[in-house]
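Given next are the chains, with one letter for each unit.
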Amino acid sequence: MPEHVPYDDDAIFNPETHHEKSDVSVRALVWFVVVFVVFGFVMHIVLWLLYKGYVRIEQRRNTATMTEMARPADMAVPRNQPLLQPFPRKTAAGEILPPNRSTPVTDLGGLRESEQHVLTTYGWVDQQKGIVRIPIAQAMQLTLQRGLPVQMQTATAAPQQPQPQKGAKR
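Residues numbered from 1 in each chain as written. Predicted model: local features only at pLDDT ≥ 70, side-chain atom pairs only at ≥ 80, totals over all residues. Heavy atoms only, no water.

**Structural notes on the overall build of the protein**
For the protein, the count of helices and strands is three helices and four strands. Listing the helices and strands of the protein from first to last along the sequence gives α-β-β-α-β-β-α. Looking at the protein residue by residue over its 170 residues, the buried ones come to 2%. Taking all contacts inside the protein whose residues are at least 6 apart in sequence as the whole, residues at least 24 apart take part in 0%. (Helix = DSSP H or I, 4+ residues; strand = E, 2+ residues; numbered from the N terminus. Buried < 20%, exposed > 50% of the residue type's maximum accessible area, 1.4 Å probe, protein only. Contact = heavy atoms within 4.5 Å.)

Right under this line is the structure:
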């Protein structure tokens, strides 16, 4: 007996079942896209008009100061904080430095110069206490001549003798 039985295509025809002619209604999809775009356009216009209305209301508000305190003239520049350069700044003499003279590169150069000055010159650290600074080269020479200070050992702690390692020749 053969494994596959031959059949006729007309014999398996069922008039009640058939395949779909299209997966999606293209007409409905086009209408959805059109309505979506029109709705988005209308909402953008409505939001823009609402924004303009709020701006107009805010401009009509009373903009008088809410406090009796006077605003400092240099309020825009933060104090005792790192500045985002370039900012115009006032010197101790009261003159204003233009922003092109105060940039991170020039500030770093000034910092390096002041550090070099401190490391290579004599000066007072605290004049009332009698503390001075000396050039780093002079300090190294004095350290070589005098040696490093030695910390005193307490009387209770006996000095430890180095232990020879096992297997080491004497």
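**Considerations on the pattern of salt bridges**
A full pass over the atoms with the stated rule returns two salt bridges. Where R112 meets E115, a salt bridge forms, and the shortest distance between an N and an O atom there is 3.4 Å. Highlighted residues: R112 and E115, both in helix α2 (residues 104-120), separated by three residues, approximately one helical turn. You can call E115 partly exposed: its relative accessible area is 36%. (Salt bridge = Lys/Arg side-chain N within 4 Å of Asp/Glu carboxyl O.)

**A closer look at the environment of P135**
Position of P135 among the secondary structure elements: in the loop between β4 (131-133) and α3 (136-146). Note on P135: relative accessible area 13%, which makes it buried. Remark: the alpha-carbon pair of P135 and T120, spanning 15 residues in sequence, is separated by 4.4 Å. Not counting chain neighbours up to four residues away, the residues in contact with P135 comprise L119, T120, T121 and Y122.

**Some remarks on the packing of aromatic side chains**
Enumeration according to the criterion identifies one aromatic pair in this entry. Relative to F36, the ring of F32 has its centre 6.1 Å away and its plane inclined at 20°; by these criteria the two rings are stacked. Of this pair, F32 and F36 both sit in helix α1 (residues 26-60), four residues apart, which is roughly one turn of the helix. F32 gets classed as exposed once you look at its relative accessible area, which sits at 54%. Taking relative accessible area as the criterion, F36 reaches 56% and is therefore assigned exposed. (Phe/Tyr/Trp six-rings, centres within 6.5 Å; stacked < 30°, edge-to-face > 60°.)

**Considering the pairing of strand β3 (residues 123-126)**
Bridge count between β3 and β4: three bridges; the pairing is antiparallel. Counted as the bridge partner of W124 is V132 from β4. Between β3 and β4, which pair antiparallel and follow one another directly, the connecting turn spans four residues, one of which, G130, has a positive phi of 80°. (Pairing = 2+ DSSP bridges.)

On their own, these measurements won't tell you what the molecule is for.
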